[in-house]
Protein chains: 2
Amino acid sequence: MLHVAEAARVSVATVSAVINGTAIVSPELTARIEAAIRDIGYKRNAIARSLKMGKTRTIGLTVADITNPFFTDVVAVLQEVLHRAGYAVMLCSNDEDMEMQDEQIQLLLDRMVDGLIIAPAGDDANLKRILGGTKVPIVLIDRICDGVEADAVILDNQRAVFDATTYMLQLGHRRIGYVSGSLDTSTGRDRLEGYHRALEASGVPFDETLVRFGNFREADAYNASMQLLTQPDRPSAIFSANNLMVIGVMKAIRDIGLSCPEDVSVVCFDDFPWADVFRPQLTAVAQPVRAIGEQTAQLILDRLAGRIEDEPRRLVLQGRLMIRNSCRPHASLLQGATA
Amino acid sequence: MLHVAEAARVSVATVSAVINGTAIVSPELTARIEAAIRDIGYKRNAIARSLKMGKTRTIGLTVADITNPFFTDVVAVLQEVLHRAGYAVMLCSNDEDMEMQDEQIQLLLDRMVDGLIIAPAGDDANLKRILGGTKVPIVLIDRICDGVEADAVILDNQRAVFDATTYMLQLGHRRIGYVSGSLDTSTGRDRLEGYHRALEASGVPFDETLVRFGNFREADAYNASMQLLTQPDRPSAIFSANNLMVIGVMKAIRDIGLSCPEDVSVVCFDDFPWADVFRPQLTAVAQPVRAIGEQTAQLILDRLAGRIEDEPRRLVLQGRLMIRNSCRPHASLLQGATA
DNA sequence: AAAGCTAATCTAAACGTTTCGGATGAGTCA
DNA sequence: TGACTCATCCGAAACGTTTAGATTAGCTTT
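All residue numbers here refer to positions counted from 1 along the written sequence of the relevant chain. Going through the entries in the order they are written, you letter the chains from A and number the ligands from 1. Restriction of local features to residues with pLDDT of at least 70 applies here, the model being predicted, together with a cutoff of 80 or more for giving and counting side-chain atom pairs; totals for whole chains, interfaces and linings are based on all residues. Where side-chain values are given, they derive from all heavy atoms of the structure, hydrogens and water being excluded.

1. Comments concerning the overall build of chain A
And then number 1: Only DSSP runs of H or I with at least four residues qualify as helices, and only runs of E with at least two residues qualify as strands; both kinds are numbered from the N terminus onward. Helix and strand content of chain A: 13 helices and twelve strands.
And then number 2: For a compact globule the rule gives 2.2 Å times the number of residues to the power 0.38, and the radius of gyration it is set against comes from C-alpha atoms. For a compact globule of 339 residues, the expected C-alpha radius of gyration is about 20 Å, and chain A comes in at 26 Å, more than 25% above that figure.
And then number 3: With a 1.4 Å probe rolled over the protein chains alone, any residue whose accessible area is under 20% of its type maximum counts as buried; one over 50% counts as exposed, and the rest are partly exposed. Across the 339 residues of chain A, 54% fall into the buried class.
And then number 4: The contacts of chain A with a sequence gap of at least 6 include a subset with a gap of at least 24, amounting to 69%.
And then number 5: Each accessible area value is a Shrake-Rupley result obtained with a 1.4 Å probe; residue values ignore everything except the protein chains displayed when judging cover. Accessible area of chain A: about 14,400 Å², with a carbon and sulfur share of 51%.
And then number 6: Only four residue types enter the charge count, namely Lys and Arg as positive and Asp and Glu as negative; His and the chain termini do not. Charge positions are represented by NZ for Lys, CZ for Arg, CG for Asp and CD for Glu. Computed over 35 positive and 43 negative side-chain charges, the inter-centroid distance for chain A is 5 Å. In this description, contact between two residues means that some pair of their heavy atoms is separated by no more than 4.5 Å.

Here it is as structure tokens:
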């Protein structure tokens, strides 16, 4: 910028004025300066600007697992709308590891991000401390951490799996295996709660041997399903609490020599683009990923612009059960039909 | 930092010295300063530091489509190893849109990223100009742009689809439809070339009505496949040049009332985690995503550390054909076997 | 014609670091 | 005792911006 100023024979202040349009400068100088800028090929240094202004125009984003298509989809729309608004996004993915998550958030904060979007791996005291110590707007996504003051956009998880479980019950399934995510997350807890409630509402007794923990990961879900399927009175259906785990579930079913949906029905959380084209066509609860991304982005942009000042908001969206054919009526119902 | 200095009754220079261990300071002062840091809860300002040192310890990353599981996977490992090395990553995804890509790269450069990893949507003159005007190390990934001086880690695309096509030919297929990516990309060109070569090597004449362009996107691939499958002498097999497009291919097959692999065989580029558990189990060429990510990260870290100074390197890795059952022998071969 | 006003431009401080060269003081040596 | 050497520590400039306030010049007003 100094070079530009010299080339145009003006002060740096004037250069700054024309670049930002922050003060009125005469047409001659404007022209001279713009010419100089072009000649030199000057680009203003965003770092210096950030230092002076106290804003970086970048927002930090941490997700528990970027490999998960659900997160990927919302990251894509977040990136899209934030970029359009002139913000860059710094992305971190911790492999559902809370320690690494905290470290990454600290790193983002040190880099003075203007805002923070977090799809938390979980919440520990440390996270609360870090988040409590900052003034940047935060929006939690997918999962919430109670105890942290922040906006959140989440799904009505309990309702969604309540509906899904109810659907399975209506098809005559009574022993429904449940492969759960970690109870360290709100989604893990809420989804399991939805399962409980649905059983309760249908008067089906809860059997604790039917729920196993897959921690939202394929490998863990595989083991969980193996246990589920090798126990004496095996479930006739399995619900997987997310998309990654359903693959583990299917692998277990295959490796045990069973098949879906003939021997065991499967329903899962999170939809796939290919779900209706490969077999079995998965019955799944779809999340409104685009809406989640857009609303999150809007929320944080509104905070950054000072358009919202009040206490934390919580947006909760609804999932939708996509009925396909990985879950079929239980044998008892089929017999009833033919009898 | 000023506050820390005051609290510890020393100069900022000394504080800086103990924080960075850049000079030797007496035990007493060190202790006082460390105590003050703890008391104040001081975190050094990375922006100011970046400005002074001319490095941001962040590296820019643009991919053509973050929604594509292949890119997602390599992004995940990139993020992982770069984070471990103390680097943050700024992520941009342009929807295979070259204009947006250039804009994003410019934005990253303005923010003074220390390095750039690019999975290009394509290369135009503009990109070459932007990239030519900078001194930061660049590594191209997956796709290369000739005319830009940069390291690259890519796949031996031609070889990979040569092998895949040859496999299909050996199974007796003679009319093999090819759903191609955009020829604006090196992957689009190289993969198509592999198809050509394989036909040539087997003495099968090339039929231009068998190749259609899907531009690496599901919707386009769907249309392409519809055309392919509704033409008079329809192909007995289809090769899809990437993962997104194979979904479009499968949808077209379904919508036309055919099925895979009974009526038409399918092989595609890029593997899926679920490929061996849903039916048809896709025969696909798997890319070594972890290796790609790790080598890319290593390459750029080496450049940043000045461990490599010589001219651009090009690492080319090999794909692997995962034979499953979405591609079965052609009817003619089956008859031959039973005859 | 002096004073006041306005519009355009500039000077210089500030943002929070790093780092170079210098200052200080104690110990060593002749 | 004076000079010299270390070991520590500090002052201040610099990184490239932004911006409040000062300055200047040209007009208007009385």
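2. Points about the protein's contact with DNA strand D
And then number 1: Every one of the 23 residues lining DNA strand D counts as a neighbour, but Met1(A), Arg49(A), Thr14(B), Ile24(B) and Ser26(B) are closest to it.
And then number 2: A breakdown of the atoms of DNA strand D within 4 Å of the protein gives sugar and phosphate a share of 73%.
And then number 3: Between DNA strand D and Thr14(B) there is a distance of 2.4 Å, counted from a phosphate oxygen to a side-chain nitrogen or oxygen.
And then number 4: We define a polar contact as two N or O atoms separated by no more than 3.5 Å, with the added condition that, inside protein, one atom must be a possible hydrogen donor and the other a possible acceptor, whereas residues neighbouring each other in sequence contribute only through side-chain atom pairs. The side chain of Lys52(B) places a nitrogen or oxygen atom 2.8 Å from a base nitrogen of DNA strand D.
And then number 5: Listing elements by their share of the surface near DNA strand D, those giving two or more residues are helix 2 (12-20) and helix 4 (46-53) of chain A together with helix 2 (12-20) and helix 4 (46-53) of chain B. Note on terminology: near, applied to a residue and a molecule or strand, indicates that one of the residue's heavy atoms is within 4 Å of it.

3. Overview of the protein's contact with DNA strand C
And then number 1: Lining the immediate environment of DNA strand C, one finds 22 residues, of which Thr14(A), Ile24(A), Ser26(A), Met1(B) and Arg49(B) sit closest.
And then number 2: In DNA strand C, the atoms that sit within 4 Å of the protein are 70% sugar and phosphate, with bases accounting for the remainder.
And then number 3: Interatomic distance of 2.9 Å between a side-chain N/O atom of Lys52(A) and a base nitrogen of DNA strand C.
And then number 4: Only helix 2 and helix 4 of chain A together with helix 2 and helix 4 of chain B provide two or more residues apiece to the surface near DNA strand C.
And then number 5: When residues of the surface near DNA strand C are assigned to their parent elements, the largest contribution, four residues, is made by helix 4 of chain B.
And then number 6: Split by residue class, the surface near DNA strand C holds eleven nonpolar, six polar and five charged. Only Asp, Glu, Lys and Arg are considered charged, only Ala, Val, Leu, Ile, Met, Phe, Trp, Tyr, Cys and Pro nonpolar, and every remaining residue, Gly among them, polar.

4. Here's the deal with the packing of aromatic side chains
And then number 1: Between rings of Phe, Tyr and Trp, where Trp is taken as its six-membered ring, a pair exists when centres lie within 6.5 Å; planes separated by under 30 degrees are stacked, by over 60 edge-to-face, and by other angles tilted. By the definition in use, this model includes 15 aromatic pairs over all chains.
And then number 2: Both rings, one in Tyr178(A) and one in Phe239(A), keep their centres 5.6 Å apart while their planes meet at 15°; by these two values the pair is stacked. In this pair, Tyr178(A) sits in strand 6 (residues 176-180) while Phe239(A) sits in strand 8 (residues 237-240), placing the two residues 61 residues apart along the sequence. Note on accessibility: Tyr178(A) and Phe239(A) belong to one class, buried.
And then number 3: Here the aromatic rings of Trp274(B) and Phe278(B) are separated by 6.3 Å at their centres, their planes lie at 85°, and the arrangement is edge-to-face. The residues Trp274(B) and Phe278(B) share a single accessibility class, namely buried.

5. Concerning the environment of Arg328(B)
Residue and element names in this part refer to chain B.
And then number 1: Within the fold, Arg328 resides in the loop between strand 12 (320-322) and helix 13 (331-338).
And then number 2: In this structure the C-alpha to C-alpha distance between Arg328 and Asp263, which are 65 residues apart in sequence, comes to 9.7 Å.
And then number 3: Leaving out residues up to four positions away in the same chain, Arg328 has contacts with Leu171, His173, Pro261, Glu262 and Ser265.

6. Structural notes on unusual backbone geometry
And then number 1: The omega torsion of the bond from Arg279(A) to Pro280(A) falls at -5°, within 30 degrees of zero and hence cis.
And then number 2: As for its position among the elements, Pro280(A) is in the loop between strand 9 (265-269) and strand 10 (283-286).
And then number 3: Cis rather than trans, the peptide bond between Cys260(B) and Pro261(B) has omega equal to 10°.
And then number 4: Position of Pro261(B) among the secondary structure elements: in the loop between helix 11 (243-256) and strand 9 (265-269).
And then number 5: Despite not being glycine, Arg9(A) shows a phi value in the positive range, around 55°.
And then number 6: Tracing the backbone shows Arg9(A) in the loop between helix 1 (2-7) and helix 2.

These results come straight from atomic positions and should not be treated as a statement about function.
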